[in-house]
Amino acid sequence: MEQPEREQKLEEAMDLYGDYIVQLCYTYVQNWQTAEDLAQDTFMRYFDALPKFRGDASTKTYLFRIAVNSCHNYLASWKYKKVHITNFFQKLLMSDENPESQLLKQTENQLLVTAIEGLPSKYKDVIVLYHFAELSLQEVGEALKLPVNTVKTRLRRARQMLGIELTREGELYGSN
């Protein structure tokens, strides 16, 4: 594949899927700047891999798979853990409220995000791709290289785990 053709395919992919990739990355890292960096990394990897791309999957699912892998790599990195811990302690030190008050002010959405982050990776990926990236079951299967029935099973189990966790959290914080 020639350079101009690769550049054209990259530009088309960025126009079509750029916002979706940034949103997907944000669901993993919860930081817009980092999500944009990961999206850029995703498109760079896509551009580098274009000569090897056989077209077995759609461009969309291929990009989503690259983005999920980039997010996993970032979340496993020492840089992320260091930044995450530093930010946590800075928020505690800068706040006029005590940690208990801050915890009580969490919204239901924050509880949901926390519950999703606590899921094992194989369930988290399915939930994020299906509900937040709005991929079909077939597209999720292609992105994760799984049969559709496995995607359905993982989605069901992830929802059950989230239900249990959110019920437990509700009882813990007196919302239920």
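The residue numbering used here restarts from 1 in each chain and proceeds along that chain's sequence as written. In keeping with the model being predicted, local features are shown solely for residues with a pLDDT of at least 70 and side-chain atom pairs are shown and tallied solely at 80 or more, while totals for entire chains, interfaces and linings include all residues. Heavy atoms throughout the structure, all of them, feed into the side-chain values; hydrogens and water do not.

### Overview of the side chain of Lys124
Working definition: helices are DSSP H or I runs of at least four residues, strands are E runs of at least two. Numbering for both runs from the N terminus. Structurally, Lys124 is set in helix H7 (residues 121–132). The buried label goes to any residue with under 20% of its type's maximum accessible area, the exposed label to any with over 50%, and the partly exposed label to all in between, with areas taken from a 1.4 Å probe on protein chains only. Counting rule for charge: Lys and Arg are taken as positive, Asp and Glu as negative, and neither His nor the chain ends is counted. We define a salt bridge as a contact between a side-chain nitrogen of Lys or Arg and a carboxyl oxygen of Asp or Glu at a distance within 4 Å. No salt bridge is formed by the buried Lys124; the nearest opposite charge belongs to Glu117, separated by 5.8 Å. Only heavy atoms enter the contact rule, under which two residues are in contact if any of them lie within 4.5 Å. Ignoring anything within four residues of it in the chain, the contact list for Lys124 reads Tyr28, Leu75, Ile116, Glu117 and Leu119.

### A short note on the environment of Leu50
Structurally, Leu50 can be placed in the loop between helix H2 (32–49) and helix H3 (59–76). Considered as a pair, Leu50 and Glu7 are 43 residues apart in the sequence and their alpha carbons are 9.7 Å apart.

### Examining the packing of H7 against helix H8 (residues 137–144)
The axes used here are C-alpha line fits, helices contributing only the stretch in contact, and every angle between their N-to-C directions lies in the interval 0 to 180 degrees. Remark: H7 packs on H8, axes separated minimally by 10 Å, with the N-to-C direction vectors making an angle of 135°. In terms of axis orientation, H7 runs oblique to H8. Considering only the axes of H7 and H8, their crossing is right-handed. Taking contact as the criterion, the partners of Asp125, Val126, Leu129 and Tyr130 in H7 are, on H8, Leu137, Val140, Ala143 and Leu144. By the definition adopted for this analysis, an angle is roughly parallel if under 35 degrees, roughly antiparallel if over 145, roughly perpendicular if from 65 to 115, and oblique otherwise. Each crossing is labelled by how the near helix is turned from the far one, with a counterclockwise turn of less than a right angle marking it left-handed and a clockwise turn marking it right-handed.

### Observations concerning the packing of aromatic side chains
Each aromatic pair joins two rings of Phe, Tyr and Trp (for Trp, the six-membered one) with centres within 6.5 Å, and gets the label stacked for planes under 30 degrees apart, edge-to-face for over 60, and tilted for any other angle. Evaluation of the coordinates by the stated rule reveals three aromatic pairs. Ring plane angle 10° and centroid distance 4.1 Å describe the contact between Tyr26 and Trp32, whose orientation is recorded as stacked. Classification of Tyr26 as partly exposed rests on a relative accessible area of 24%. Through successive ring pairs, a cluster of aromatic residues spans Tyr46, Phe53 and Tyr62. Geometry around Phe47 places Arg6 over its ring, the cationic atom sitting 4.1 Å from the centre. By definition here, charges over rings are those cases where NZ of Lys or CZ of Arg is within 6 Å of the ring centre and within 35 degrees of the ring normal.

### Here we look at the nonpolar core
Throughout, nonpolar core names a set of buried Ala, Val, Leu, Ile, Met, Phe, Trp, Tyr and Cys residues whose side chains join them through atoms within 4.5 Å. Among the nonpolar cores identified, the biggest contains 42 residues, and Ile21, Leu24, Tyr28, Phe64 and Leu129 are the most heavily contacted of them. Of all elements in the fold, only helix H1 (3–29), H2, H3, helix H6 (108–117), H7, H8 and helix H9 (148–172) reach the threshold of two or more residues within this core.

### What to know about the packing of H1 against H7
Remark: H1 packs on H7, axes separated minimally by 11 Å, with the N-to-C direction vectors making an angle of 140°. With respect to H7, the axis of H1 lies oblique. Of the two possible hands of crossing, H1 and H7 adopt the one that is right-handed. Contacts from Leu24, Thr27 and Tyr28 of H1 reach H7 at Lys124, Asp125, Val128, Leu129 and Phe132.

### Describing unusual backbone geometry
The phi torsion at Gln30 lies on the positive side, around 55°, for a residue other than glycine. Its location among the elements puts Gln30 in the loop between H1 and H2. Look at Gln30 and you get partly exposed, because its relative accessible area is 33%. Phi is positive for Lys145, close to 60°, though the residue is something other than glycine. You can see Lys145 is positioned in the loop between H8 and H9.

### Description of the environment of Arg168
Tracing the sequence through the fold places Arg168 in helix H9. N or O atoms closer than or at 3.5 Å make up a polar contact, with two conditions inside protein: a donor-capable atom paired with an acceptor-capable one, and, for residues adjacent in sequence, both atoms drawn from side chains. Among the polar contacts listed, one links the side chain of Arg168 to the side chain of Glu165, at a separation of 3.0 Å.

### Quick notes on H7
Across its 12 residues, H7 extends 15 Å between first and last C-alpha, which sits within 8% of the 16 Å expected from 1.5 Å per residue. Glu134 sits one or two positions beyond H7 and adopts a positive phi of about 60°. Helix span, expected: 1.5 Å multiplied by one less than the number of residues in the helix.

### What about the environment of Trp32?
Here Trp32 shows up in helix H2. The spatial distance from the C-alpha of Trp32 to the C-alpha of Val22 is 7.8 Å, given a sequence separation of 10 residues. In contact with Trp32, not counting residues within four places along its chain, are Val22, Gln23 and Tyr26.

Just distances and angles here, no functional claims.
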